[in-house]
Amino acid sequence: MERRMQRDDLILADLVALRAEAQPDLDVLTFVGVGADGAVTEEIRTYAGLWEGGNRIAAALAEAGAVDGAKFAIMMRNHPAFVEAMVGASIAGAVFVPIDPRVQGDRLAFMLDFAGCCGLIVGDYALDAVLAVRDRVPLLKWIWVLETGERTALPAGVRALGEVLAHDRPHIAPRVTNPDQPQQLLFTSGTTGEPKAIVAPYRRLGEAARLGALFGIAPDDRPYTGLSLTHANAQMVTLASALYFGYRAVISERFTKSRLLDISRKYGCTVFTLLGGMA
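Since we're looking at a predicted model, the values are computed, not measured. (Residues numbered from 1 in each chain as written. Predicted model: local features only at pLDDT ≥ 70, side-chain atom pairs only at ≥ 80, totals over all residues. Heavy atoms only, no water.)

Some remarks on the pairing of strand E6 (residues 142-146)
Inference 1: Counting buried positions over the five residues of E6 gives five, a clear majority of the element.
Inference 2: Of the two faces of E6, both are covered, the one formed by Trp 142, Trp 144 and Leu 146 as well as the one formed by Ile 143 and Val 145.
Inference 3: In this structure, strand E5 (residues 117-123) lies alongside E6, joined through five bridges in parallel fashion. Bridging across to E6, Val 122 finds its partner in Val 145.
Inference 4: Following the chain from E5 across helix H5 (residues 127-133) to the adjacent parallel E6, one finds a crossover that is right-handed.
Inference 5: In this sheet, strand E7 (residues 159-160) lies alongside E6 in parallel orientation, the contact comprising two bridges. Counted as the bridge partner of Trp 144 is Arg 159 from E7. (Buried < 20%, exposed > 50% of the residue type's maximum accessible area, 1.4 Å probe, protein only. Helix = DSSP H or I, 4+ residues; strand = E, 2+ residues; numbered from the N terminus. Pairing = 2+ DSSP bridges. Right-handed = clockwise from strand over helix to strand, strands pointing away.)

So, the packing of aromatic side chains
For any pair of aromatic rings, geometry is given as the distance between the ring centres together with the angle between the planes.
Inference 1: Here the structure, examined in full by the defined rule, presents seven aromatic pairs.
Inference 2: Ring geometry for Phe 110 against Phe 114: centres 5.3 Å apart, planes inclined by 25 degrees, an arrangement best described as stacked. Here Phe 110 pairs with Phe 114, and both are found in helix H4 (residues 105-115), just four residues apart, close to one helical turn.
Inference 3: Residue classification places Phe 110 among the partly exposed positions, given a relative accessible area of 24%.
Inference 4: Summarising the aromatic geometry, the rings of Phe 245 and Tyr 247 are spaced 5.2 Å apart at their centres and angled 25 degrees between planes, so their arrangement reads as stacked.
Inference 5: Assessed through its relative accessible area of 39%, Phe 245 is described here as partly exposed.
Inference 6: Grouped by ring-pair contacts, the aromatic residues Phe 72, Trp 142 and Trp 144 constitute a single cluster.
Inference 7: It is Arg 19 that lies over the ring of Tyr 244; its NZ or CZ is 5.1 Å from the centre.
Inference 8: The aromatic ring of Tyr 267 is capped on one face by Lys 266, whose charged end is 5.5 Å from the ring centroid. (Phe/Tyr/Trp six-rings, centres within 6.5 Å; stacked < 30°, edge-to-face > 60°. Lys NZ or Arg CZ within 6 Å of the ring centre and 35° of its normal.)

Here you go:
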């Protein structure tokens, strides 16, 4: 692991690096899916796993030129690769643009073009929507696809994320040094016209991470969320505080009303955050 003289846990990469040194094997994030047969599947990420996955993505971003303020989109459900891409962006100094994988058409073209995305990491289930607007986003140079088995083949001009990350690249030194640097462009819902892009610095997520007690979360709690990581609630209330305090959060790939309490019981979750009508 490359070291700087000083690290700041307001910066996501530094936070994960520090925790990977102190508690490398803690299962800080458990990602849960519900299959077509109703069976629950899981993928676990430790701090060490997040750091390794983030470094692999950072090295690939650097090779693609996505460093020091370059913007790329993350368009997927709540998979481990989403958080690893957040960490990778923080290492490379790229600005990530989270986009709900259900967005398509004119709105998707606007968001990608307005943000100036040079690339995109997308779940295979949302790839067709991206391909339909690719010609309308002149800066978009690369598309990496997280394969989940929801399509059988990838078309020309895109690469599987697994293939991209399979190449051995040397880790790069973390490039973000100031928590006031932009971390992400976070789009609003756009209820009064086109979505508005909020420029969110590292400090915003980093300071939210320290608010676990204000949210009423105790050290022995285990939080759950099924809200999308493309929005602020899941990022700031659940993900950030879990990474900061080691709460061992459980994150559903997507919200499931019928299995909410089953999942909470299975994993011993004690607190969850929802929007009013979801349950």
